[in-house]
Amino acid sequence: MPRGDGRLSHDLDPQRPGPQDACGVFGVWAPGEEVAKLTYFGLYALQHRGQEAAGIAVSDGSGVVVYKDLGLVAQVFDEPTLASLRGHLAIGHTRYSTTGGSTWENAQPTIRATSAGTTIALAHNGNLVNTAELARQVAERGVDPDGSTSDTALVTMLLASRPDLSVEAAALEVLPTLRGAFSLVFMDETTLYAARDAYGVRPLVLGRLERGWVVASETAALDIVGAGVVREIEPGELIAIDEHGLRSARFAAPDPKGCLFEYVYIARPDTTIAGRTIHAARVAIGRQLAREHPVDADLVIPVPESGTPAAIGYAAESGITYGAGLMKNPYVGRTFIQPSQTLRQLGIRLKLNPVRENVRGKRLVVVDDSIVRGNTQRAIVRMLREAGALEVHVRISSPPVSWPCFYGIDFATRAELLASGLDNEGIRRSIGADTLGYVSLEGLVAATEQPKSRLCRACFDGEYPIELPAGNLIGKHVLEGVDRRVSAVGSEEAERERPVSSAARGATGHPFVHSTGGGDVPSHA
């Protein structure tokens, strides 16, 4: 489906999705500020990480309110809604589903009241691999999951199931039991928390406002709310922010394994990871790609937008002219209207169209970020040939994606990945290009300026840094525990809270969930 920021995803057919982004999380503690609006703009900056649902939780010190719904951030929230979300701390989430339907129940943040009178709201970017074990822990504690089916909901339940402990103390007990990738922002009535798994697979950064603190998935979100970058949340670190200031605790020894695909595709070009801007890294990847796979050509063109920095680098290194060969519709966003078969056959023309006068009679180098199933590249090559291109040479700014991700990106299964069943020549023939070249893994790693040992490269080389469970205890449907009413799917993206009736949602269908702490969580419009 189209990306909400107008950038392209790899799927031309909604029934055959390509790689879906990790989610975006945001949190702010800032008394005296309009925290809901700050969170809104932070999520707006993170819209590229998820376009199916968005939510914000706010506390004024006496209770927690969650507002969430399907759609883009700008579709879910309006001025009156944000004005009603008053408080001094907030967290937010923007979602790209990996499992479960695109329904309100699957949106985040999750919320859970404890018997001690505290309410916990939580948002998660990543994916846990011991979901079945966590579900057993929830069952052993006698917690009613209310039909919840995700690792995010299970973590929230576990935090809320320790009424004898503060939320901070409960987190220091629960977090070491989580295995997999997680960048969490969560809150109770008075305190903002953030935590990152021991491997730091998914990014999470800390920023400073004049009157408060911010945590976010990317530095670009700090920029948009006027926060200065302080540092990254360290792998294995829990931070807490309240009226007493910021404090930090370690719950696991750090063993950094940052996601390499963030540099290729996920993160915004204006984001910085480990001191390196993503734009600079992608330009360097393009230069390396030109050195590894030169070709005689007349024009270098990107597949907008994620292919643009690498195409700039390729052109600069090769000396071939850089130009616009494909124009995207700048207003492409998420749509609830599925195309007819006729429109589906048009496929990528709904998103891209060739600049015919620029490509006619030219030998083209087309730079894209990755090939998953090959649908996008196949359509682009055909389109450019129809527009009169003499040759089409495809260059990819990542190695072949041959392995699925279990840490928060919804790649296809290995059987569906084009590179898992075909060699380079087979892929070239499949997409119809004259030549095909991928950047080497070594070249990609070098462009990040990070040691290879500090990066998760699993989708490229099959070396998973976090041990995966044996058998079938991972994936889309980890548990089918009907008796416990838990079907944990191994992804933070598919939580199911107690459904809110249409009457409770109000005329707009936009639901609030509100809690003043203790007992069940009532919902009201």
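Each remark here, short or long, concerns the structure printed above.
Numbering of residues starts from 1 in every chain and runs along the sequence as written. Thresholds applied to this predicted model are a pLDDT of at least 70 for local features of residues and 80 or more for the giving and counting of side-chain atom pairs; totals over whole chains, interfaces and linings are not thresholded and use all residues. To get the side-chain values, all heavy atoms of the structure are used, and hydrogens and water are removed first.

**Overview of the environment of Val295**
By the criteria applied, helices consist of DSSP H or I runs no shorter than four residues and strands consist of E runs no shorter than two, each listed in order from the N terminus. Structurally, Val295 is set in the loop between α9 (278–292) and β17 (299–302). Given a relative accessible area of 18%, Val295 falls into the buried group. Taking the C-alpha atoms as reference, Val295 lies 8.8 Å from Thr435; in sequence the two are 140 residues apart. Contact criterion: two residues are considered in contact whenever any of their non-hydrogen atoms come within 4.5 Å of each other. Not counting chain neighbours up to four residues away, the residues in contact with Val295 comprise Tyr314, Ile320, Val365, His393 and Arg395. Exposure is judged per residue with a 1.4 Å probe applied to protein chains only, and the accessible area is read against the type maximum: over 50% gives exposed, under 20% gives buried, and values in between give partly exposed.

**A word on the sheet that holds strand β22 (residues 435–438)**
Only strands joined by at least two bridges in the DSSP assignment are considered to pair. A sheet is described by the order of its strands in space; here 4 strands give the open sequence β17-β20-β21-β22, paired in parallel fashion. Looking along the sheet, the strands with just one partner apiece sit at the ends: β17 and β22. If you compare each strand with its neighbour and ignore which way they point, the axes differ by 20° on average. As judged from the 4 bridges shared by strand β21 (residues 391–396) and β22, these two strands associate in the parallel manner. Across the sheet, residue Arg395 finds its bridge partner in β22, namely Gly437. For helices, the fitted line uses only the C-alpha atoms of the stretch in contact; every axis is such a line through C-alpha atoms, and the angle between N-to-C directions lies from 0 to 180 degrees.

**Things to note about unusual backbone geometry**
Following Pro304, the chain continues to Glu305 via a peptide bond in cis, the omega torsion being -10°. Among the structural elements, Glu305 can be located in the loop between β17 and α10 (308–318). Phi is positive for Ala274, close to 55°, though the residue is something other than glycine. For Ala274, the location among the structural elements is in the loop between β15 (272–273) and β16 (276–277). Taking relative accessible area as the criterion, Ala274 reaches 38% and is therefore assigned partly exposed. Even without being a glycine, Glu449 presents a positive backbone phi close to 60°. Position of Glu449 relative to the elements: it lies in the loop between α16 (441–448) and β23 (455–456). The class for Glu449 is exposed, based on a relative accessible area of 56%.

**Some remarks on the packing of aromatic side chains**
Given two aromatic rings, their pairing is described by the distance between the two centres and the angle made by the two planes. Aromatic rings from Phe, Tyr and Trp, taking only the six-membered ring of Trp, are treated as a pair when their centres fall within 6.5 Å; an angle between ring planes under 30 degrees marks them as stacked, one over 60 as edge-to-face, and anything in between as tilted. Applying the stated rule across the entire model yields 10 aromatic pairs. Here the aromatic rings of Tyr67 and Phe77 are separated by 5.5 Å at their centres, their planes lie at 45°, and the arrangement is tilted. Of this pair, Tyr67 sits in strand β3 (residues 64–70) while Phe77 sits in the loop between α2 (73–76) and α3 (79–84), and the two are 10 residues apart along the sequence. Exposure remark for Tyr67: the relative accessible area of 3% places this residue in the buried category. Clustering of aromatic rings is evident, with ring pairs tying together Tyr40, Phe41, Tyr44, Tyr67 and Phe77.

**Section: helix α5 (residues 151–160)**
Where burial is concerned, most of α5 is hidden: 10 out of the 10 residues are buried. Those residues of α5 not exposed but buried are Asp151, Thr152, Ala153, Leu154, Val155, Thr156, Met157, Leu158, Leu159 and Ala160. Buried positions along α5 lie against β5 (110–113), β6 (119–128), α4 (131–140), α6 (167–174) and β7 (180–187).

**Quick word on a nonpolar patch on the surface**
Exposure above 30% relative accessible area and the absence of a salt bridge qualify a residue for a patch, where like charges join within 9 Å and nonpolar side chains (Val, Leu, Ile, Met, Phe, Trp, Tyr) within 5 Å. Where accessible areas are quoted, they stem from the Shrake-Rupley method and a 1.4 Å probe; at the residue level, only the protein chains shown are allowed to cover. Salt bridge criterion: a side-chain nitrogen from Lys or Arg within 4 Å of a carboxyl oxygen from Asp or Glu. A cluster of nonpolar side chains, contributed by Phe41, Tyr44 and Ile224, occupies part of the molecular surface with about 290 Å² of accessible area. As for its position among the elements, Phe41 is in helix α1 (residues 35–45). Assessed through its relative accessible area of 40%, Phe41 is described here as partly exposed.

**A few points about α1**
Most of α1 is tucked away, with 8 of its 11 residues classed as buried. Taken as a whole, α1 has its buried residues at Val35, Ala36, Leu38, Thr39, Tyr40, Gly42, Leu43 and Ala45.

**Description of the packing of α4 against α5**
At their nearest, the axes of α4 and α5 sit 10 Å apart, and the two run at 35° to each other. For the pair α4 and α5, the sense of crossing is left-handed. Counted together, Thr131, Leu134, Ala135, Gln137 and Val138 of α4 and Asp151, Leu154, Met157 and Leu158 of α5 form the full contact between these two elements. Gly counts as polar in this scheme, as do all residues outside two lists: the nonpolar Ala, Val, Leu, Ile, Met, Phe, Trp, Tyr, Cys and Pro, and the charged Asp, Glu, Lys and Arg. In the contact of α4 with α5, the residues fall into 6 nonpolar, 2 polar and 1 charged. Crossings are assigned a handedness: left-handed for a near helix turned anticlockwise from the far helix by less than a right angle, right-handed for a clockwise turn.

**Focus: the pattern of salt bridges**
Tallied over the entire structure, the rule returns 24 salt bridges. One salt bridge connects Lys37 with Glu79, and the closest N-O pair in it is separated by 2.5 Å. With Lys37 in helix α1 and Glu79 in helix α3, this residue pair connects regions lying 42 residues apart in the sequence. Put simply, Arg162 and Glu173 hold a salt bridge, and the shortest N to O gap is 3.0 Å. Highlighted residues: Arg162 in the loop between α5 and α6 and Glu173 in helix α6, separated in sequence by 11 residues. On the basis of relative accessibility, which here comes to 9%, the residue Arg162 falls in the buried class.

**Some thoughts on the sheet that holds strand β12 (residues 237–242)**
Strand order across the open sheet formed by 6 strands is β5-β6-β7-β8-β12-β13, with antiparallel pairing between neighbours. A single partner strand is all that each edge strand has here, and the edge strands are β5 and β13 (245–250). Here the average twist between neighbouring strands, direction ignored, is 20°. Looking at chain direction, β7 and strand β8 (residues 192–196) are connected through 5 bridges and run antiparallel. By the bridge assignment, Ser183 is partnered in β8 with Arg196. This element, α5, spans β5, β6 and β7 of the sheet and lies at about 140° to β6.

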